[in-house]
Amino acid sequence: MHYTVAYDITDDRRRNKVAKILKDFGQRVQYSVFECNIDKRAYLRLHDRLEKAMDMDEDTITFYHLCASCEKQIERIGLDKGLDNNSYIV
């Protein structure tokens, strides 16, 4: 599955921790946006780690789940920073 993950973390230390976790599962495409091609099991691990790293009263992490047909419709203009369709990082 393809997931785009965006975050808004208020604290620098937590923000760095969240970015480090996301780097274990995907590739940064913008400062606070990552793309991840991972299976359901890896997604659950990622979700759990992020939930533990964030402050639920101050921070927001949004997961955009893309189905296979939606993933094929991703269009980029300019530098291609996203994962290729065969990449799996865990």
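Residues numbered from 1 in each chain as written. Predicted model: local features only at pLDDT ≥ 70, side-chain atom pairs only at ≥ 80, totals over all residues. Heavy atoms only, no water.

A. Seen up close, the overall build of the protein chain. Helices and strands together make up the secondary structure of the protein chain, namely three helices and four strands. Ordered by position from the N terminus, the helices and strands of the protein chain form the series β-α-β-β-α-β-α. Long-range pairs, those at least 24 residues apart, make up 71% of the contacts in the protein chain with a sequence separation of at least 6. By element, 47% of the accessible surface of the protein chain is carried by carbon and sulfur atoms, the whole surface being about 6,100 Å². (Helix = DSSP H or I, 4+ residues; strand = E, 2+ residues; numbered from the N terminus. Contact = heavy atoms within 4.5 Å. Areas by Shrake-Rupley, 256 points an atom, 1.4 Å probe, with all protein chains shown as cover.)

B. A look at helix H1 (residues 12-23). If you check H1, its first and last C-alpha atoms are 16 Å apart, about what twelve residues at 1.5 Å a residue would give, namely 16 Å. Of all the residues in H1, the buried ones are Arg14, Arg15, Val18, Ala19, Ile21 and Leu22. Looking straight down H1, one finds that the buried residues subtend no more than 160 degrees of arc, so they occupy a single side. In H1, the exposed residues that point more than 90 degrees away from the buried face are Asp12, Arg13, Asn16 and Lys20. For H1, the elements touching its buried residues are strand S1 (2-8), strand S2 (27-30), strand S3 (33-37), helix H2 (40-53) and strand S4 (60-66). Two or three places before arginine 13, at the start of H1, stands the capping residue aspartate 11, its side-chain oxygen 3.1 Å from that residue's backbone nitrogen. (Expected span 1.5 Å × (residues − 1). Buried < 20%, exposed > 50% of the residue type's maximum accessible area, 1.4 Å probe, protein only. Arc of directions from axis to C-beta. Polar contact = N/O pair within 3.5 Å; in protein donor to acceptor, adjacent residues only side chain to side chain.)

C. Geometry of the pairing of S1. Taking burial as the measure, the seven residues of S1 include five buried ones, the bulk of the element. Pairing between S1 and S4: seven bridges, direction antiparallel. From the neighbouring strand, tyrosine 3 faces S4, where its bridge partner is histidine 65. (Pairing = 2+ DSSP bridges.)

D. Examining H2 more closely. The end-to-end C-alpha distance of H2, which contains 14 residues, comes to 20 Å, matching closely the 20 Å that a straight helix rising 1.5 Å per residue would cover. Here H2 has its buried residues at Ala42, Tyr43, Leu46, Leu50 and Ala53. Relative to the axis of H2, the buried residues are bounded by an arc of 100 degrees and lie together on one face. Across H2 from its buried face, at more than 90 degrees, point the exposed residues Lys40, Arg41 and Lys52.

E. The arrangement of the packing of aromatic side chains in detail. Using the criterion set out here, one finds three aromatic pairs in the structure. Measuring from ring centre to ring centre gives 5.4 Å for tyrosine 43 and phenylalanine 63, while their planes differ by 85 degrees; the resulting arrangement is edge-to-face. Here tyrosine 43, found in helix H2, pairs with phenylalanine 63, found in strand S4; they are 20 residues apart in sequence, far enough to count as distant. Exposure class is identical for tyrosine 43 and phenylalanine 63. Each is buried. Seen from the ring of tyrosine 31, arginine 28 lies directly overhead, with NZ or CZ sitting 5.2 Å from the centre. (Phe/Tyr/Trp six-rings, centres within 6.5 Å; stacked < 30°, edge-to-face > 60°. Lys NZ or Arg CZ within 6 Å of the ring centre and 35° of its normal.)

In short, the description is geometric, and any link to function would need to be established separately.
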